[in-house]
Amino acid sequence: MKKSQGLVYLLIIIFFLGVAAWILYMGGTLNPIVKTKGRIDANTLSEGLQHPLAVLLLQIIVIMLVSRVIGSLAVRVRQPLVIGEIIGGILLGPSLFGYLFPEAFAFLFPPSSYPTLKFLSELGLIFFMFIIGMDLDLRVFKAQARSAVFVSNVSLLFPILLGIGASYFLFNAYAGEEASFVSFALFMGIAMSITAFPVLARIIQERGISKTPFGSMAITYAAAADFTVWCFLATVIALTRAEDWAQAIVSVTLAVLYVLFMLYAVQPIMRRVGAVYASKEIFNRRFVAVVFLILLGSSYLAEVIGIHALFGAFLAGVIMPGNLSFKKIMTDKIEDVSIVLLLPLFFVYTGLHMQFNVLSDLQSWIVFMVILFLSVLGKFGGTALAARYVGQSWKDSLSLGALMNTRGLVEIVVLGIGLELGIISENIFTIMILMALVTTVLTNPLLDLIEHLFKPDDAAEKLSSKVKASFKILISFGPPKMGSTLLRLADQLTLKVNKRVEVHALHITPSNEVKPYEALLFEREGFAPIRATAQLLGLRLETIYRNTSDVDREIYQTVENGNFDLVLVGAARPMFNSKSTGGILKQLLDDSEANIGVLVDRGFVLAEGLLVLLGSEADRALLQYALRLMVSTKSRVTVLKIGEGQNVDLQDESAPYYEHALNFNEVIEQRIPEKELLSNYNLVLVGLEQWNELNEAKATWLKECPSVLVVKHVNDLVSDVVEMEAHKKIKQAQHGL
């Protein structure tokens with residue numbers, strides 16, 4: 001800014017301030033209006049706290065905090081996140097929070113706020129059912145259409161029949177005031193037959209079986225059952241809302257026409273449009289508006305016809321394009337608001353209608369236990385028997401029954417519809433929700449028990465491991481680029497004299513809230529670079545994908561269960577610090593009995609120049625890694641003795657790995673490696689204990705190092721036969737043969 005401009009700017013400010021001050025002064029001479037002086041007192045503050053918007057905002061804050069905390073605790077004990085959120089909603093209800101702190105409960109949830117909570121929770125449910133519909137892919141039926149229809153229908157018929165039978169004894173005491181026996185019995189049958197497809201899919205992902213034949217079979221059967229039961233529920237709702245049979249027939253006919261219209265008229269159009277709008281670059285707001293119009297329009301038509309708006313939202317999701325990119329983009333736009341913000345409101349609104357005092361007498365507990373028994377018997381038993389009948393093994397049949405027995409949030413949504421329509425009373429509503437929670441919580445323990453009962457014979461496993469001639473490597477990586485780098489290093493550490501090299505790549509998305517189609521996208525994108533690198537190197541690659549918030553535990557379990565000869569991981573930023581080896585791999589490095597190499601990547605491509613840091617007698621084990629790199633890449637290997645390593649005698653013929661050391665180019669000693677020396681190498685090999693000591697001593701020269709491979713060595717990499725073959729290769733090369 002020029003000096004003249006600055007002066008003009010200052011004069012303008014002074015002028016406007018002067019004029020404003022003069023007007024304010026003159027205004028002060030006017031006759032004051034007689035009024036009551038405003039002041040902030042207790043009454044004013046109380047009115048502000050009780051304002052509907054203030055109450056709603058406080059409710060949302062408390063609900064989100066409680067649902068996140070309880071949900072996180074549920075995940076830690078291997079339960080679905082939604083179970084914790086449901087429990088959080090129940091705890092905020094009158095049964096616990098209202099019982100322990102009645103005044104605080106009355107302040108936080110005044111009766112006047114119930115309609116607003118109900119409205120927002122229903123809006124959240126509409127979006128949630130839309131997402132469930134998008135999760136469902138009807139194309140999966142084609143591969144196993146006959147068995148899918150048989151198993152899914154039998155898994156519905158058994159619990160429906162048991163539910164109808166139980167209704168005969170429950171109707172007088174637990175039906176809604178205006179419910180007929182037919183509507184109550186059919187609804188109870190449906191409520192007992194529910195499978196929570198989203199929870200089932202999440203459990204399959206978390207257990208790493210989504211790509212197995214069993215995983216795809218379970219998804220297919222659950223999808224078929226989910227679609228069938230929602231169509232059945234829509235029919236029951238239409239019959240319940242109808243005043244007579246003539247109106248019921250009209251409602252059902254309109255419902256069938258509506259479903260056919262959505263499947264055969266709207267769906268083809270959406271598929272064609274979805275093929276175009278499949279990337280964020282062209283996914284504009286205008287198209288988002290079209291999707292929302294279809295969602296809301298479908299919900300409106302379903303509500304008008306009499307089959308409930310939630311079924312309309314579900315069907316709108318079903319007809320959305322199957323393109324994974326489209327689903328991912330659309331879910332990102334809806335899920336954060338609907339599931340994180342609005343859905344917890346539904347859990348609390350549900351909790352407000354739960355009265356645990358109904359379980360204060362023995363009869364209610366007997367009713368709960370009977371309903372729980374019949375629900376498990378019908379769903380678990382019916383599914384297992386049907387799967388066994390179509391040719392599945394007992395293990396897969398029982399596992400499928402355990403998965404289909406999970407009910408989760410979908411059950412609570414259905415029960416909420418029944419309570420709203422007056423089909424069921426609040427007493428049976430509470431009992432059925434407890435049944436849904438128990439059956440969902442039991443899923444993972446049941447699967448673990450089945451795995452244990454059908455575990456292969458340990459003796460046979462040990463025998464097979466002894467005769468195994470393969471060399472198994474596990475690569476665990478985060479960024480896709482790191483996966484390719486680790487694979488190149490693995491290839492250079494692999495002696496080709498092995499009969500078979502097995503390379504497994506583990507990629508983890510650090511979240512337990514990943515949708516099935518999102519997991520497919522993340523898996524495809526995460527493994528694309530490493531698959532291309534494997535093809536170039538001629539390596540057979542087996543991929544393992546997981547999504548979990550407990551990354552270190554997942555890596556540790558994969559390593560412990562895989563019987564790997566070597567595990568290679570990339571160093572994350574928080575993994576190494578000045579104090580110790582830490583970060584997400586701490587459990588693996590501290591407790592695992594596997595050989596582990598951690599690459600601190602600084603542009604590693606090929607180990608042409610290798611520097612081995614020998615800091616103690618224990619670091620002799622690094623010599624076999626150096627030998628393997630030397631054989632594979634014909635690299636120049638230098639052993640650098642530092643610290644206590646200067647006392648290590650590599651010429652001692654009785655010491656381990658003595659013959660390895662004879663093949664290296666040179667052995668030197670330096671107290672602190674010079675920058676000029678480090679610049680001659682592109683990979684430094686160091687033991688884990690030595691690395692920790694150097695970091696604790698804040699060795700500044702580590703910053704000058706090229707890429708570093710930090711090794712925790714436990715067992716020799718290969719048999720003596722393979723090592724002898726490696727030595728033979730070196731001698732042949734040295735003699736020019």
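Computed from a prediction, not measured in an experiment: that's the story for all the values here.

1. Focus: the confidence of the model for the protein
Note: predicted coordinates in regions of low pLDDT should not be interpreted at a detailed level. Looking at the protein as a whole, the pLDDT averages 79, with 84% of positions reaching at least 70. Counted against residues more than four places away or in other chains, residues 573-582, with its pLDDT under 50, gives 27 contacts.

2. Observations concerning a negative patch on the surface
A cluster of like negative charges, contributed by Glu644, Glu689, Glu693 and Glu696, occupies part of the molecular surface. Position of Glu696 among the secondary structure elements: in helix α29 (residues 688-696).

3. Brief notes about the packing of aromatic side chains
Under the counting rule described, the total for this entry stands at 14 aromatic pairs. Judged by centre distance (5.8 Å) and plane angle (65°), the rings of Phe171 and Phe184 are edge-to-face. In this pair, Phe171 sits in helix α8 (residues 145-174) while Phe184 sits in helix α9 (residues 181-193), placing the two residues 13 residues apart along the sequence. According to the relative accessible area criterion, Phe184 is buried, its value standing at 0%. Taken together through their ring pairs, the aromatic side chains of Phe97, Phe101, Phe105 and Phe109 make up a single cluster. If you follow Lys472 out to its NZ or CZ, it ends over the ring of Phe564, 4.8 Å from the centre.

4. A word on the nonpolar core
In this structure, Phe109, Trp230, Ile371, Leu409 and Ile424 are the most contacted members of the largest nonpolar core, which totals 131 residues. Looking at this core element by element, the count peaks at 15 residues for helix α11 (residues 213-241). Here Leu409 is in contact with Val82, Ile86, Phe128, Leu343, Phe346 and Phe347, once residues within four sequence places are set aside. Ala534, Phe604, Val639 and Leu683 belong to the second largest nonpolar core, which has 46 residues in total.

5. Overview of the packing of α11 against helix α14 (residues 309-318)
Direction vectors running N to C along α11 and α14 enclose 145°, while the axes themselves pass 11 Å from each other. Considering how the two elements wind past one another, α11 and α14 form a crossing that is left-handed. Residue-level inspection shows Asp226, Phe227, Trp230, Cys231 and Ala234 of α11 in contact with α14, the latter providing Phe311, Phe314, Leu315 and Val318. For the contact of α11 with α14, the residue count by class is 8 nonpolar, no polar and 1 charged.

6. Some thoughts on the pattern of salt bridges
Considering all chains together, one arrives at 6 salt bridges under this definition. Between Arg68 and Glu85 there is a salt bridge; the shortest N-O distance is 2.4 Å. On the criterion of sequence distance, the pair formed by Arg68 in helix α3 (residues 52-76) and Glu85 in helix α4 (residues 81-91) is long-range, its members being 17 residues apart. We classify Glu85 as buried; its relative accessible area is 3%. Notably, a salt bridge pairs Glu451 with Lys395, separated by 3.4 Å at the nearest N-O pair. Here Lys395 lies in helix α17 (residues 394-404) and Glu451 lies in helix α20 (residues 443-453), a separation of 56 residues in the sequence. With relative accessibility at 40%, the residue Glu451 sits in the partly exposed group. Residue Lys395 is classed as partly exposed on the basis of its relative accessible area of 25%.

Parameters at a glance
Residues numbered from 1 in each chain as written. Predicted model: local features only at pLDDT ≥ 70, side-chain atom pairs only at ≥ 80, totals over all residues. Heavy atoms only, no water. pLDDT = per-residue confidence, 0-100. Contact = heavy atoms within 4.5 Å. Patch = residues over 30% accessible without salt bridge, like charges linked within 9 Å, V, L, I, M, F, W, Y side chains within 5 Å. Areas by Shrake-Rupley, 256 points an atom, 1.4 Å probe, with all protein chains shown as cover. Salt bridge = Lys/Arg side-chain N within 4 Å of Asp/Glu carboxyl O. Lys, Arg positive; Asp, Glu negative; His and termini not counted. Charge placed at Lys NZ, Arg CZ, Asp CG, Glu CD. Helix = DSSP H or I, 4+ residues; strand = E, 2+ residues; numbered from the N terminus. Phe/Tyr/Trp six-rings, centres within 6.5 Å; stacked < 30°, edge-to-face > 60°. Buried < 20%, exposed > 50% of the residue type's maximum accessible area, 1.4 Å probe, protein only. Lys NZ or Arg CZ within 6 Å of the ring centre and 35° of its normal. Core = buried A, V, L, I, M, F, W, Y, C linked by side-chain atoms within 4.5 Å. Axes fitted to C-alpha atoms, helices over the stretch in contact; angles between N-to-C directions. Left-handed = near helix turned anticlockwise from the far one by under 90°. Nonpolar A, V, L, I, M, F, W, Y, C, P; charged D, E, K, R; others polar.

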